[in-house]
Amino acid sequence: MTNKSTKIIAVANHKGGCGKTTTVVHLAAELADLGHKVLVIDLDPQANASLHIGLRHPSEVETTSAELLLGDLSLLSDALQEETNFKNVSLIYGSLTLGKTEDQLKDDAPRPSEELSNKLELLKGLYDFILIDCPPSLKLLTSNALAASTHVMVPIESGSQYGLYGVTDLINHLSKIRRVNPELKLLGALLIKHDERQNVCKLIRDEALSQVGELLKTTIPMSTKVNQAAILQQPLLGVDKNSKVRKAFQDLAKEIINRVE
Ligand SMILES: Nc1ncnc2c1ncn2[C@@H]1O[C@H](COP(=O)(O)OP(=O)(O)O)[C@@H](O)[C@H]1O
Ligand SMILES: [Mg+2]
């Protein structure tokens, strides 16, 4: 794959705890392991992806996505950190101050939802994939991610009967965003903590397909390795490369590569 056409994938769902950050972190690791150059952009004030991938604590980082969103293009090179815990994965850190960024964008930016998109123009061609970890809301940070992206995927917690709560709001939001970003493609729902033997998971799968309209073939099983990897700040391939959950993220990376080419 030539990286002339950088694919920018937003991982979005305003429901908290559905697996957005986990998906971004391990999809990034597996895409990189398959030979692609990857950048992760953390847009969540909780900065969990940064805590996992980053060498530094987000609170010590001067130029995070918050400063980048509000500032000008010259901040891009400071914001971009090429050294991380993951090989071939660069990071633009998130930080707590992102909480205030939303209000400042609304008040000061000429096009509040297109600030990220403007800045990423310069990175096109430098990376094969840019993955954006979205916060648990549908407000301006998520709009910025979606306006800047070529693709969007929606993690859904499969074992939970409330896993699909609010997902139609997200789908409606996508049609609004397409007015500024008509190219945005929906990769589909990604079932997290999925177990095909359980009836509740099968129900959620069918519902996810009908509500989201697209389903990724790969599903991610539940595994304690996920928390282990976060504690150790490692990719799953560094924790247990033969585990089922690692293989699932590797399959997901392959599926995504096939879908976006
Ligand atoms: N496949 C999985 N198996 C077990 N635990 C998981 C799995 N995916 C995510 N988790 C855990 O669920 C919690 C929420 O996941 P996270 O990715 O942080 O969600 P979000 O970013 O959407 O809030 C985290 O504690 C994470 O470690
Ligand atoms: Mg998260």
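Rules of the game
- Residues numbered from 1 in each chain as written.
- Chains lettered and ligands numbered in written order.
- Predicted model: local features only at pLDDT ≥ 70, side-chain atom pairs only at ≥ 80, totals over all residues.
- Heavy atoms only, no water.
- UniProt positions renumbered as here; feature names shortened; annotations may be inferred.
- Helix = DSSP H or I, 4+ residues; strand = E, 2+ residues; numbered from the N terminus.
- Buried < 20%, exposed > 50% of the residue type's maximum accessible area, 1.4 Å probe, protein only.
- Polar contact = N/O pair within 3.5 Å; in protein donor to acceptor, adjacent residues only side chain to side chain.
- Salt bridge = Lys/Arg side-chain N within 4 Å of Asp/Glu carboxyl O.
- Axes fitted to C-alpha atoms, helices over the stretch in contact; angles between N-to-C directions.
- Parallel < 35°, antiparallel > 145°, perpendicular 65-115°, else oblique.
- Contact = heavy atoms within 4.5 Å.
- Arc of directions from axis to C-beta.

K.L.:
So what's going on with the UniProt feature "domain: AAA" (unreviewed entry) in the protein chain? Residues and values would help.
P.N.:
When the UniProt feature table is mapped onto this chain numbering, "domain: AAA" (unreviewed entry) sits at residues 6-185. The straight-line gap between the two end C-alpha atoms of residues 6-185 is 14 Å; of that span, 37% is helix and 16% is strand.

K.L.:
Can you break down unusual backbone geometry residue by residue, with the values?
P.N.:
The phi torsion of most residues other than glycine is negative, and most of the peptide bonds are trans. Of note in this structure, Asn88 is not a glycine but carries a positive phi near 65 degrees. Mapped onto the elements, Asn88 comes out in the loop between strand 3 (80-81) and strand 4 (89-92). Its relative accessible area of 44% is what places Asn88 among the partly exposed residues.

K.L.:
Can you lay out the side chain of Ser137 for me, pointing to particular residues and giving the numbers?
P.N.:
Among the structural elements, Ser137 can be located in the loop between strand 5 (129-133) and helix 7 (140-148). Residue classification places Ser137 among the buried residues on the basis of a relative accessible area of 17%. From its side chain, Ser137 meets the backbone nitrogen of Lys139 in a polar contact 3.2 Å long.

K.L.:
Outline the pattern of salt bridges, supporting the account with residue identities and numerical values.
P.N.:
Within the structure shown, the criterion is met by 10 salt bridges. Via salt bridges that share partners, Glu30, Asp33 and Arg246 belong to a single interconnected network.

K.L.:
Quick one: what's the story with the packing of helix 5 (residues 98-108) against helix 7, residue by residue and with numbers?
P.N.:
Running from N to C, helix 5 and helix 7 cross one another at 75 degrees; their axes reach a closest spacing of 9 Å. Taken together, the axes of helix 5 and helix 7 lie roughly perpendicular to each other. Across the interface between the two elements, Leu98, Glu102, Leu105 and Lys106 of helix 5 pack against Leu140, Leu141 and Asn144 of helix 7.

K.L.:
Tell me about helix 8 (residues 167-177), and please be specific about residues and values.
P.N.:
Inspection of helix 8 places Val167, Leu170, His173, Leu174 and Ile177 among the buried residues, and these make up the whole buried set. Buried positions in helix 8, seen along its axis, are confined to an arc of 110 degrees and lie on one side of it. Those residues of helix 8 that are buried are in contact with helix 7, strand 6 (151-157), strand 7 (185-192) and helix 9 (199-212).

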